[in-house]
Amino acid sequence: MSSPNITELTSVVLEVERHVADSGWDQPSQVYALADTGDLLAREPALAPHIGDSPPGSLTPVEQEPLPAGRLDEVLAGIGWPPEVLGCVLVTELVVLPPSAEQEAPYSDEEIEYWAANHPERQDVRLAVGVTRSGLHASCLRVRGDDELVVDPDLADNLIDGLLATFQ
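Residues numbered from 1 in each chain as written. Predicted model: local features only at pLDDT ≥ 70, side-chain atom pairs only at ≥ 80, totals over all residues. Heavy atoms only, no water.

Looking at an unreviewed UniProt entry, one finds the chain named PPA1309 family protein, with Frankia umida as its source organism.

Here you go:
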């Protein structure tokens, strides 16, 4: 089993985000296990026609069951991976507000979600974050209504930490 590199991880994160984007917006959070393609094909040869030719050490995303309802940090805390999983990718939709909105935010969790969802300056974004067992991370972000993807490894430090914790 080889160790993936950052370029491979970034490519897979972009691939997964595009796959989810094909289903449109308002999708639930989704998680994908990352498997070494060669190992996966050795265990499941019937997948070869679906995967095609891949260079040694490449990663294949494997969609997992839908995540249970609840706060994302709490849901991630309940995930653990077997040793053959080299990494994972999470795709989630978030509401982003400008920093100026912070001072007018309500204090209770129940109120803040409604308030943020109805704020006039809100932006809906889809965030894809990938990590490997070895600690590499990559992420990208798409704003609703914009086809451009922002690729930056440090878009979501808390999610990166939460995903890395699933390998401990």
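**Description of the environment of Tyr 114**
Turning to its location among the elements, Tyr 114 is positioned in helix H5 (residues 109-117). You can call Tyr 114 exposed: its relative accessible area is 61%. For the pair Tyr 114 and Ala 33, spaced 81 residues apart in sequence, the C-alpha to C-alpha distance is 32 Å. (Helix = DSSP H or I, 4+ residues; strand = E, 2+ residues; numbered from the N terminus. Buried < 20%, exposed > 50% of the residue type's maximum accessible area, 1.4 Å probe, protein only.)

**Focus on the side chain of Thr 92**
Tracing the backbone shows Thr 92 in strand S3 (residues 85-96). Of the polar contacts made by the side chain of Thr 92, one reaches the side chain of Ser 29; its length is 2.6 Å. Discounting residues that sit within four places of it in the chain, Thr 92 has contacts with Ser 29, Leu 72, Val 125, Arg 126, Leu 127 and Leu 159. (Polar contact = N/O pair within 3.5 Å; in protein donor to acceptor, adjacent residues only side chain to side chain. Contact = heavy atoms within 4.5 Å.)

**Here we look at the nonpolar core**
Ranked by internal contacts, the top residues of the largest apolar core, which has 20 residues, are Trp 81, Cys 88, Val 129, Leu 159 and Leu 163. Of all the secondary-structure elements, those providing two or more residues to this core are strand S1 (30-36), helix H4 (72-77), S3, strand S4 (123-132) and helix H6 (157-165). In terms of residue count, S4 provides more of this core than any other element does, four residues in total. With sequence-adjacent residues up to four places away left out, Trp 81 is seen in contact with Val 31, Ala 33, Gln 64, Cys 88, Arg 133, Thr 166 and Phe 167. Membership of the second largest hydrophobic core comes to 16 residues, among which are Leu 86, Val 91, Ala 128 and Cys 140. (Core = buried A, V, L, I, M, F, W, Y, C linked by side-chain atoms within 4.5 Å.)

**Quick word on H6**
Residues Leu 159, Ile 160, Gly 162 and Leu 163 constitute the buried set of H6. What you see down the axis of H6 is that its buried residues fit within an arc of 165°, all on one side. The outward face of H6, more than 90 degrees from its buried face, is lined by the exposed residues Asn 158 and Asp 161. The elements touched by buried residues of H6 are H4, S3, S4 and strand S5 (137-143). (Arc of directions from axis to C-beta.)

**So, the pattern of salt bridges**
Under the criterion given, the structure shown has seven salt bridges. Note that Glu 17 is salt-bridged to Arg 126, the shortest N-O span being 2.9 Å. You can see Glu 17 sitting in helix H1 (residues 6-21) and its partner Arg 126 sitting in strand S4, a full 109 residues away along the chain. Comparing Glu 17 with Arg 126, the two get one shared label, buried. Taking the shortest distance from any N to any O, the salt bridge between Arg 122 and Asp 124 comes out at 2.2 Å. Its relative accessible area of 28% is what places Arg 122 among the partly exposed residues. When salt bridges with common partners are traced through the structure, they connect Asp 26, Arg 122, Asp 124 and Arg 144 into a single cluster. (Salt bridge = Lys/Arg side-chain N within 4 Å of Asp/Glu carboxyl O.)

**Observations regarding H1**
Its 16 residues give H1 an end-to-end C-alpha distance of 22 Å, which sits within 8% of 22 Å, the value for a rise of 1.5 Å per residue. Buried within H1 are the following residues: Glu 8, Leu 9, Val 12, Val 13, Leu 14, Val 16, Glu 17 and Val 20. Buried residues in H1 make contact with S1, strand S2 (59-63), S3, S4, S5 and strand S6 (149-151). (Expected span 1.5 Å × (residues − 1).)

**Describing the sheet that holds S1**
Across a sheet, paired strands are connected by hydrogen bonds in the backbone, their directions being either parallel or antiparallel. Spatially, six strands are ordered S2-S1-S3-S4-S5-S6 in an open sheet, and the strand pairing comes out antiparallel. Of all the strands in the sheet, the pair left with one neighbour each is S2 and S6. Within the sheet, the average angular offset between the axes of one strand and its neighbour, ignoring direction, is 25°. Note that S5 and S6 share three bridges and pair antiparallel. From the neighbouring strand, Arg 142 faces S6, where its bridge partner is Leu 149. The sheet contacts of H1 involve S1, S2, S3, S4, S5 and S6, and relative to S5 the element is tilted by about 30°. (Pairing = 2+ DSSP bridges. Axes fitted to C-alpha atoms, helices over the stretch in contact; angles between N-to-C directions.)

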